[in-house]
Amino acid sequence: MSQHLWYVSYGSNMSLVRLRCYLEGGCPPGARVTYAGARDSTLPVADVAVELPGSLYFAGESRTWGGGVAFYDHDVPGPTPARAYKITAEQFADVAAQEMHRIPDPDDPLVEVLLNGLVDGLPDGRHAAGPGSYETLIEVGRLDGLPMLTFTSPHGRDAIEHTPPGPAYLAMLAEGLRDAHGWDDDQVEAHFAALRR
C-alpha cells in the first residue's frame, strides 16, 4: 500500500491544472515543455490552502516558462501562501524528478528518504537530494500526522541574483492563488507587488 504525505507547492503547482501535468502528463497552458507524468497518475486525495513561514523569491531562468522561477527560503521570514496536496511518496519523487527535467525513475533514491521520514521526519528538517535547483527537500510542518514537504534551491534568497518571472509563469501562479486561497485579482496583484519590492 502506498504511503501518503503532503506535497506543499508555493509556485505554479498551486494550480491543480499545472500539477495534473506532472501526474497525468501533458503541457501546461503557456508552457514550453510537455511532461511525461508520474508512474501513478492518480489525482491528490486531498488538498488544502496553507501559509508557510518563510519567503518567496524569483531567480534563474525557467526552461518551461522563461524568466525567473519561484523558490522558497525557509529561513527568511514570510509568510508565503501555498497549497498542500496529499499524494504518495512515489508521486512526490516523480514530481520532483520532472521539476528537474528528468523522467521519473522507479529506482529513485528519494522514495526511500521520503518513506523513512514519514515517522521520524527528515534529519534537521532538510535533505539534499542533489545540487539542482529543486533538489533541497524541506519539511515545513505536519498535518494529520503526515509530513508536509516542499523542495527548493540549496541556497537562500540573499545568495543569488533575483530574476523577474515571465508573464505565463505569473499567470499560472495567479491561477493557483485564486484556486487554492480564493483570492481575487486585487489580492493577487498586491502579493506580486510585495514580491517585487
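For every chain, the first residue of the written sequence is number 1, and numbering continues from 1 along that sequence. Note on the predicted model: pLDDT of at least 70 is required for a residue's local features to be given, and 80 or more for side-chain atom pairs to be given and counted; whole-chain, interface and lining totals, by contrast, use all residues. To obtain the side-chain values, all non-hydrogen atoms of the structure were included, while hydrogens and water were left out.

- Labelled according to an unreviewed UniProt entry, the protein appears under the name Histone deacetylase, originating from Nocardioides daedukensis.

1. Focus: the pairing of strand β8 (residues 146–152)
In step 1: When you tally the buried positions in β8, you get 7 out of 7 residues, the bulk of the element.
In step 2: In short, DSSP must find at least two bridges between two strands for them to pair. The numbering of helices and of strands both runs from the N terminus, where a helix is a DSSP run of H or I of at least 4 residues and a strand a run of E of at least 2. Hairpin geometry of strand β7 (residues 136–143) and β8 is characterised by an intervening segment of 2 residues between the two adjacent antiparallel strands and by a positive phi of about 55° at Asp 144. Burial here depends on accessible area, computed with a 1.4 Å probe over protein chains only, as a share of the maximum for the residue type. Under 20% is buried, over 50% is exposed, and the range in between is partly exposed.

2. Looking at the nonpolar core
In step 1: Here the nonpolar core consists of buried residues drawn from Ala, Val, Leu, Ile, Met, Phe, Trp, Tyr and Cys, with membership extended through side-chain atoms lying within 4.5 Å. Among the nonpolar cores identified, the biggest contains 56 residues, and Phe 92 and Leu 114 are the most heavily contacted of them.
In step 2: Per-element tally for this core: the top contributor is helix α4 (residues 167–181), with 6 residues.
In step 3: Residue contacts are defined here by distance: any two heavy atoms, one from each residue, within 4.5 Å place the two residues in contact. Beyond its immediate stretch of four places on either side in the chain, Leu 114 contacts Leu 5, Ala 89, Phe 92, Ala 93, Leu 137 and Leu 149.

3. Brief notes about helix α1 (residues 16–24)
Since the α-helix packs 3.6 residues into each turn, any two residues three or four apart lie on the same face.
In step 1: Listed as buried for α1 are Arg 18, Leu 19, Cys 21, Tyr 22 and Leu 23.
In step 2: The inward-facing, buried residues of α1 contact β1 (4–9), β5 (80–88), α2 (89–99) and α4.
In step 3: Positive backbone phi, approximately 90°, marks Gly 25, located one or two places after α1.

4. Overview of the packing of aromatic side chains
In step 1: Here a Phe, Tyr or Trp ring, Trp counted by its six-membered ring, pairs with any other such ring whose centre lies within 6.5 Å, and the pair is stacked when the planes are under 30 degrees apart, edge-to-face when over 60, and tilted otherwise. Within this structure, the stated rule accounts for 11 aromatic pairs.
In step 2: With a centroid separation of 6.3 Å and an interplanar angle of 25°, the aromatic rings of Tyr 7 and Tyr 85 are classed as stacked. Linking Tyr 7 in strand β1 with Tyr 85 in strand β5, this pair joins segments that are 78 residues apart in sequence.
In step 3: Tyr 85 sits in the buried class, given a relative accessible area of 1%.
In step 4: Taking 6.0 Å as the distance between ring centres and 70° as the angle between the ring planes, the aromatic pair formed by Tyr 134 and Phe 151 counts as edge-to-face. Taken together, the positions of Tyr 134 in the loop between β6 (126–128) and β7 and Phe 151 in strand β8 put the pair 17 residues apart, joining distant regions of the chain. Phe 151 carries the same exposure label as Tyr 134, and that label is buried.

5. Things to note about the sheet that holds β5
In step 1: In spatial order, the strands read β2-β5-β1-β8-β7-β6; together these 6 strands make up an open sheet with mixed pairing. Looking at the sheet topology across the chains shown, the edges are occupied by β2 (46–52) and β6. Within this sheet the neighbouring strands show an average axis-to-axis angle of 30°, counted without direction.
In step 2: Relative to β7, β6 runs antiparallel, the two sharing 3 bridges. Counterpart to Arg 126 in the pairing with β7 is Ile 138. Lines fitted to C-alpha atoms define the axes here, with helix axes fitted over just the stretch in contact, and angles between the N-to-C directions of these axes take values from 0 to 180 degrees.

6. Some remarks on the state of the cysteines
In step 1: For the purposes of this analysis, a disulfide is any pair of cysteine sulfur atoms at a distance within 2.5 Å. Under the criterion given, the structure shown has 0 disulfides.
In step 2: Of all cysteine sulfurs in the structure, the one in Cys 27 sits closest to Cys 21, which takes part in no disulfide; the separation is 6.8 Å.
In step 3: Taking relative accessible area as the criterion, Cys 21 reaches 8% and is therefore assigned buried.
In step 4: Since its relative accessible area comes to 39%, Cys 27 is described here as partly exposed.

7. Here we look at the pattern of salt bridges
In step 1: The salt bridge criterion pairs a side-chain nitrogen of Lys or Arg with a carboxyl oxygen of Asp or Glu, the two atoms within 4 Å. Applying the stated criterion across every chain yields a total of 7 salt bridges.
In step 2: Salt-bridge contacts for Arg 20 lead to Glu 24; the nearest nitrogen and oxygen are separated by 3.1 Å. In this pair, Arg 20 and Glu 24 are both assigned in helix α1, 4 residues apart and thus about one turn of the helix distant.
In step 3: One salt bridge in this structure joins Arg 178 and Asp 185, with 2.9 Å as the shortest N-O distance.
In step 4: Taking the relative accessible area as the measure of exposure, Arg 178 reaches 36% and is therefore partly exposed.
In step 5: When its relative accessible area of 52% is taken as the criterion, Asp 185 is described as exposed.
In step 6: It is possible to trace a salt-bridge network through shared partners that takes in Asp 47, Arg 83 and Asp 179.

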